[in-house]
Amino acid sequence: MSILFQQDFDNIHVSFYRNMKSHVVEKMIISRVMRGICSDYYKDVVHGLLNRQENTVFPNIYRDVILDEKQLPIKNCAYTQCFRREAGSYGKDVRGLNRLHEFSKVELVRIDKPEHSKQSHQEMLDHVEGLLQKLELPYRILRLCGGDMSFTAALCFDFEVYSEAQKRWLEVSSVSNFDNYQANRLKCRYRDENKKTQLCHTLNGSALALPRIVAALLENNQTPEGIRIPKALVPYTGFDMIK
């Protein structure tokens with residue numbers, strides 16, 4: 001988060017509870033922002049939802065808003081609690097820290113002009129890659145094909161870290177450019193220099209999904225003396241070795 005603040009991101013605090021009777025949630029479902037993923041949400045007896053992830057919430061702050069061109073790009077971030085039922089997910093590959101029903105992550109959302117969205121996307125990718133490099137973790141970047149992306153995304157990249165114990169790659173971040181798909185349904189627009197309203201482009205990414213990062217740090221830093229702490233984390237932990 002401290003790195004994001006240096007990059008002029010604004011920290012947003014969003015409730016992790018959604019009231020299903022709220023007109024905002026109703027519009028999110030109708031506009032297909034949440035459509036298709038509601039089965040992963042926890043619901044209570046009064047039809048409320050525990051938050052699945054913030055990328056379905058952040059853009060709705062700007063629903064039915066016409067921004068001034070000078071306000072762009074908008075950069076929001078949040079440290080969030082996420083809850084997922086993961087219906088149908090069973091087996092050894094989803095045990096432990098691999099896939100939790102409750103987990104924390106940092107979410108990034110940017111709103112920008114169409115001609116700048118590719119640059120914004122690349123800046124978000126560079127940020128996530130920089131975090132993994134500072135954590136000294138083996139990682140790879142995958143550009144997803146159309147069949148693997150969500151129906152809302154125009155372009156998406158996944159970041160995966162290698163699990164030494166499991167001998168496989170684990171996804172820790174996904175960074176997407178939604179083009180004007182969300183903005184069109186949210187009616188999120190900006191007024192250009194000619195005083196005409198134009199649709200914005202929305203982008204989001206996670207930086208990072210913390211449980212899997214913890215698992216990767218523990219698995220990839222084993223030494224005869226103990227578990228080595230990456231240099232970037234030592235100022236926060238106060239020690240450089242877990243014995």
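For the structure given in this document, a descriptive report is provided here. The written sequence of each chain sets the order in which its residues are numbered from 1. Residues qualify for local features only when their pLDDT is at least 70, as the model is predicted, and side-chain atom pairs are given and counted only at 80 or more; totals for whole chains, interfaces and linings, by contrast, use all residues. Water and hydrogen atoms were dropped before computing side-chain values, which therefore reflect all heavy atoms in the structure.

## Some words on the sheet that holds strand β10 (residues 189-191)
Within a sheet, each strand pairs with its neighbour through backbone hydrogen bonds, oriented either parallel or antiparallel.
(1) Moving on: Any two strands are treated as partners once DSSP identifies two or more bridges connecting them. Only DSSP runs of H or I covering at least 4 residues are called helices, and only runs of E covering at least 2 are called strands; the numbering of each starts at the N terminus. Taken in spatial order, the 3 strands of this open sheet run β4-β10-β11, and their pairing is mixed. Here the strands that pair on one side only, and so sit at the sheet edges, are β4 (66-68) and β11 (197-199). Taking each pair of neighbouring strands and ignoring which way they run, the sheet shows an average axis angle of 40 degrees.
(2) Moving on: Pairing of β10 with β11, which is carried by 3 bridges, proceeds in the antiparallel orientation. In the sheet register, Arg 189 faces β11, and the bridge partner there is Leu 199. Note on method: axes are straight lines fitted to C-alpha atoms, helices fitted across the in-contact stretch only, with angles between N-to-C directions ranging 0 to 180 degrees.

## A look at unusual backbone geometry
(1) Moving on: Cis geometry marks the peptide bond from Leu 72 to Pro 73; its omega dihedral reads 0 degrees.
(2) Moving on: Inspection of the secondary structure assignment puts Pro 73 in the loop between β4 and β5 (74-83).
(3) Moving on: Put simply, Ala 207 and Leu 208 share a cis peptide bond, and its omega is 10 degrees.
(4) Moving on: Its location among the elements puts Leu 208 in strand β12 (residues 201-209).
(5) Moving on: Not every positive phi belongs to a glycine, and Lys 187 is a case in point at roughly 60 degrees.
(6) Moving on: By the element assignment, Lys 187 lies in the loop between α4 (181-186) and β10.
(7) Moving on: Residue class for Lys 187 comes out partly exposed when judged on its relative accessible area of 48%. Exposure categories follow from relative accessible area, calculated using a 1.4 Å probe and restricted to protein chains: below 20% of the type maximum is buried, above 50% is exposed, and the middle band is partly exposed.

Keep in mind these values describe shape, not function.
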